[in-house]
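Structural description and commentary
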Amino acid sequence: MQQTAVITHLPPGLVGLLNALYWGSEEFEEELEAFLDTWKSVKDWHTFHGAYSVNDTEQRDLDNFVLLWESVQGQLDGEDIDFESLARPVYETVAIMEQLNEDRKFPHHSPIPAVNEILLAGAAFCMDRGTAQGVRDRLPLLSECIDNLRGLFFEQQYRLPEHVQAALREGFDLMEAGVRAVHNGLPAKAPTQDGLADLKEGASLTEFLLEWDRNERQRLKKQYSRFNIPVVGAELEIAYESARAVERRKWRRGAKSTEEELFPQLDEFWASVKPHLFVVPEERAEVFESVDQSMEALKIAVAALKEKEGEDEELLESLSEALEWVSDSFSTLEELTLKPDTFPEGSPERHVFEAARGILAGTVPDAALVELLSRYPLSQEALEAFSLFVNEGDTEAMIAAVWFMYDAVETRQAVQGEPGPWTCSLCGFLNEGGSLSCGECRVVRKTV
């Protein structure tokens, strides 16, 4: 097994088979099929990212990746698959992926990711550290990036000074010329280098647009902060204010845009985080139901804007109430949910919490939690509840175990002494300084 001082999260699709092998299941055909599909996508990652290397260390890692991947694949093709023999190379393979992805995020040549990537690949190719195909494979992503930048420019150009607009147009033209030069020049190195030079120069002229857009998004989030709704809160407030400011006949377009662009983002966020949230057990079902119902009410309110029935103020009031309900639901959810930084960094409880959260998310195998529980002394209540999960697969018991673990940390810190009382932001109850959750409503105290 992995060293569990830091929990490694595996790609979805790998954990099911590891769990089946760990617990000695005799039937695991579905888990094996999911693993094989995911393992193929891991190899596809190498096909793309392994097309070049920036230095000898990275090349050794890429070479090791292939050996490890083939080791795992060989076991999968055999008749007997052993958990320990399979888990070690799986973790090592994923670790190489994560490290290389992290290293290549650094803007060596450009803060624009697609530009930085092709410049890295192009430089490696010209130094015989990469393939021409590796450069060519990155051209579609770069072209899409340029199209998106142009779209952003056309949306916002009226707000930009003329000299900035001229520089951006020049940058776009240079980048597109660079793409053509690289495409036509490969596999010859000299014309490829010329094309890459145009790309880099053009990108340097367009970097301002991304920085300006980031600053503008931050400004809008500060300006439109009425609703505490994840991912799309500011955009929903802007849409609401726009509906208030325009004639009713224009509502239909805005409502359609909200339904097609904003709601899918919110739905995806909620579906992705809901399975691994550690909410106060007594409140969990009610809080989840409130979020689900409020989101549905918001969708109904937005859909009503497209209909001809109802008075203007009535429809806008319903929309406002639905937005407030969603906002309040997520605020309550946030207050009642444990966060990783609730536990001291590097503490046993922090590691156990991360493992439990990963198990619920399907990215950490059960074995990681079992190993941690064998290493770290936890409270008797927490260990008994964790045992129900380990022995019977009871996830509700694991959620309760994490809260027992939290209670033990709270008690320990209270004994050590905490300065000053604090007032609960949800119910207003005055708590003693050592308590980490509200004695009235159990809201988790926010720490800086």
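In this text the structure is predicted, and so the values were computed from the model without any measurement.

Brief notes about helix α11 (residues 251–273)
Over its 23 residues, α11 runs 31 Å from end to end, which matches the ideal 33 Å to within 8%, given 1.5 Å per residue. Taking the largest bend as the criterion, α11 deviates by roughly 35°, centred on Leu262, and proline Pro264 comes between one and four positions later. Among the residues of α11, Trp251, Ala255, Thr258, Leu262, Phe263, Leu266, Trp270 and Val273 are the ones counted as buried. Where the residues of α11 are buried, they touch α10 (233–245), α12 (281–304) and α13 (312–335).

Points about the packing of helix α15 (residues 366–375) against helix α16 (residues 380–392)
Across the interface, α15 lies against α16 with an axial gap of 11 Å and an inter-helix angle of 150°. Put simply, α15 runs roughly antiparallel to α16. α15 and α16 meet at a crossing whose hand is left-handed. Residues Asp366, Leu369, Val370 and Leu373 of α15 form the contact with α16, whose own contacting residues are Leu383, Phe386, Phe389 and Val390. A breakdown of the residues in the contact of α15 with α16 according to their chemical character gives seven nonpolar, no polar and one charged.

Looking at the packing of aromatic side chains
Enumeration over the complete set of coordinates arrives at 13 aromatic pairs. Ring geometry for Phe343 and Tyr406: centres 6.4 Å apart, planes at 85°, overall edge-to-face. Here Tyr406 lies in helix α17 (residues 395–416) and Phe343 lies in the loop between α13 and α14 (348–361), a separation of 63 residues in the sequence. Under the relative-accessibility criterion, Tyr406 is labelled buried at 0%. The rings of Phe278, Phe343, Phe353, Trp403 and Tyr406 are connected pair by pair, giving a single aromatic cluster. Above the ring of Tyr52, the side-chain terminus of Arg104 is found at 3.9 Å from the ring centroid.

Quick word on the packing of helix α7 (residues 139–156) against helix α9 (residues 189–223)
The contact between α7 and α9 brings their axes to 11 Å, and the two run at 50°. By the angle between their axes, α7 is oblique relative to α9. Where α7 crosses over α9, the two elements pack in a sense that is left-handed. Seen from α7, the contacting residues are Leu142, Leu149, Leu152, Phe153 and Gln156; seen from α9, they are Leu199, Thr206, Leu209, Leu210, Trp212 and Asp213. Here the contact of α7 with α9 is composed, by residue class, of eight nonpolar, two polar and one charged.

Conventions adopted
- Residues numbered from 1 in each chain as written.
- Predicted model: local features only at pLDDT ≥ 70, side-chain atom pairs only at ≥ 80, totals over all residues.
- Heavy atoms only, no water.
- Helix = DSSP H or I, 4+ residues; strand = E, 2+ residues; numbered from the N terminus.
- Expected span 1.5 Å × (residues − 1).
- Bend = angle between axes of the 7 residues up to and from the residue.
- Buried < 20%, exposed > 50% of the residue type's maximum accessible area, 1.4 Å probe, protein only.
- Contact = heavy atoms within 4.5 Å.
- Axes fitted to C-alpha atoms, helices over the stretch in contact; angles between N-to-C directions.
- Parallel < 35°, antiparallel > 145°, perpendicular 65-115°, else oblique.
- Left-handed = near helix turned anticlockwise from the far one by under 90°.
- Nonpolar A, V, L, I, M, F, W, Y, C, P; charged D, E, K, R; others polar.
- Phe/Tyr/Trp six-rings, centres within 6.5 Å; stacked < 30°, edge-to-face > 60°.
- Lys NZ or Arg CZ within 6 Å of the ring centre and 35° of its normal.

All we've got here are geometric facts, nothing functional implied.
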